[in-house]
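Letter by letter, the chains look like this.
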Amino acid sequence: MVRPRTSLIAAALAGAAVLGSAGSAAACPTDPRDDPTTWEYGGVYDCTKATVGHGVRTYTKPSPVAFVVIKTGKTYFVSDLGDANEGDRTYTFDKNIRFVITCEFTDV
């Protein structure tokens with residue numbers, strides 16, 4: 001009788017862990033700044049999001065891109081709009097880059 005009881009306890013613990021992880025995910029809403037559409041400003045820009053490889057701390061923004069949003073840790077970096085079309089720009093950070101949102105001008 002020890003085995004069935006042990007497996008019931010293990011199943012209960014596993015179920016509690018799943019419910020606990022689902023509850024914590026539901027408690028933390030996603031930051032709207034993580035969504036590329038937040039940065040499109042009513043269709044003025046077309047933005048896309050890309051993850052970056054582990055351990056990357058630099059990003060080079062190509063010149064035709066209007067601006068980029070780069071998340072490092074909990075910090076968001078937004079490049080200046082004025083550096084668009086002035087050549088590629090390389091940005092270096094103290095923390096790893098989590099993702100980059102690239103925004104280009106639309107024809108609106």
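Residues numbered from 1 in each chain as written. Predicted model: local features only at pLDDT ≥ 70, side-chain atom pairs only at ≥ 80, totals over all residues. Heavy atoms only, no water.

**Student:** I'd like to hear about the nonpolar core, residue by residue, with values.
**Tutor:** Taken as a class, soluble globular proteins show a tendency for nonpolar side chains to be buried jointly. Of all hydrophobic cores here, the largest spans ten residues; its members are Trp39, Tyr45, Cys47, Ala66, Phe67, Val69, Tyr76, Phe99, Ile101 and Cys103. For this core, the secondary structure elements donating two or more residues are β1 (45-51), β3 (67-72) and β6 (97-105). Among the elements that make up this core, the one with the highest residue count is β6 (three residues). Of all hydrophobic cores here, the second largest spans eight residues; its members include Val68, Tyr91, Phe93 and Ile97. (Core = buried A, V, L, I, M, F, W, Y, C linked by side-chain atoms within 4.5 Å. Buried < 20%, exposed > 50% of the residue type's maximum accessible area, 1.4 Å probe, protein only. Helix = DSSP H or I, 4+ residues; strand = E, 2+ residues; numbered from the N terminus.)

**Student:** An account of the state of the cysteines is requested, with residue identities and associated values reported.
**Tutor:** Enumeration according to the criterion identifies one disulfide in this entry. Across a sulfur-sulfur distance of 2.1 Å, Cys47 and Cys103 are joined as a disulfide pair. As the torsion about the S-S bond is roughly 115 degrees, the Cys47-Cys103 disulfide counts as right-handed. Pair noted here: Cys47 is in strand β1 and Cys103 is in strand β6, with a separation of 56 residues, a long-range link. Side by side, Cys47 and Cys103 carry an identical accessibility label, which is buried. (Disulfide = S-S within 2.5 Å.)

**Student:** Which residues make up the side chain of Ser79, and what values do they have?
**Tutor:** In this structure, Ser79 sits in the loop between β4 (75-78) and β5 (89-92). Of the residues examined, Ser79 reaches a relative accessible area of 5% and is grouped as buried. Polar contacts involving the side chain of Ser79 include one to the main-chain amide nitrogen of Val68, which spans 2.9 Å. In contact with Ser79, not counting residues within four places along its chain, are Lys61, Phe67, Val68 and Tyr91. (Polar contact = N/O pair within 3.5 Å; in protein donor to acceptor, adjacent residues only side chain to side chain. Contact = heavy atoms within 4.5 Å.)

**Student:** Describe in detail the pairing of β3, supporting the description with residues and values.
**Tutor:** Counting buried residues in β3 gives six out of six residues, a clear majority hidden from the surface. Neither face of β3 is open: one carries Phe67, Val69 and Lys71, the other Val68, Ile70 and Thr72, and all of them are buried. Bridge count between β3 and β6: six bridges; the pairing is antiparallel. When the sheet's bridge partners are listed, Thr72 is paired in β6 with Ile97. Here β3 runs beside β4; their pairing, made up of four bridges, is antiparallel. Counted as the bridge partner of Thr72 is Thr75 from β4. Counted along the chain from β3 to the antiparallel partner β4, the turn is two residues long, and its residue Gly73 has a positive phi close to 60 degrees. (Pairing = 2+ DSSP bridges.)

**Student:** Which residues make up the packing of aromatic side chains, and what values do they have?
**Tutor:** Note on aromatic pairs: each is described by the distance of the centres and the angle between the planes. According to the stated counting rule, one finds seven aromatic pairs in the structure shown. With a centroid separation of 5.4 Å and 40 degrees between ring planes, the pair formed by Tyr45 and Phe105 is classed as tilted. Placement of Tyr45 in strand β1 and of Phe105 in strand β6 is noted, with a sequence separation of 60 residues between them. On the accessibility criterion, Tyr45 (11% relative accessible area) is buried. With a centroid separation of 6.5 Å and an interplanar angle of 65 degrees, the aromatic rings of Tyr76 and Phe99 are classed as edge-to-face. With Tyr76 in strand β4 and Phe99 in strand β6, this pair connects stretches of sequence that are 23 residues apart. For the pair shown, Tyr76 and Phe99 are each scored as buried. Counting every residue linked through ring pairs, the aromatic cluster contains Trp39, Tyr41, Tyr45, Phe67 and Phe105. Its guanidinium or amino end placed over the ring of Phe99, Lys49 lies 4.2 Å from that ring's centre, counting from NZ or CZ. (Phe/Tyr/Trp six-rings, centres within 6.5 Å; stacked < 30°, edge-to-face > 60°. Lys NZ or Arg CZ within 6 Å of the ring centre and 35° of its normal.)

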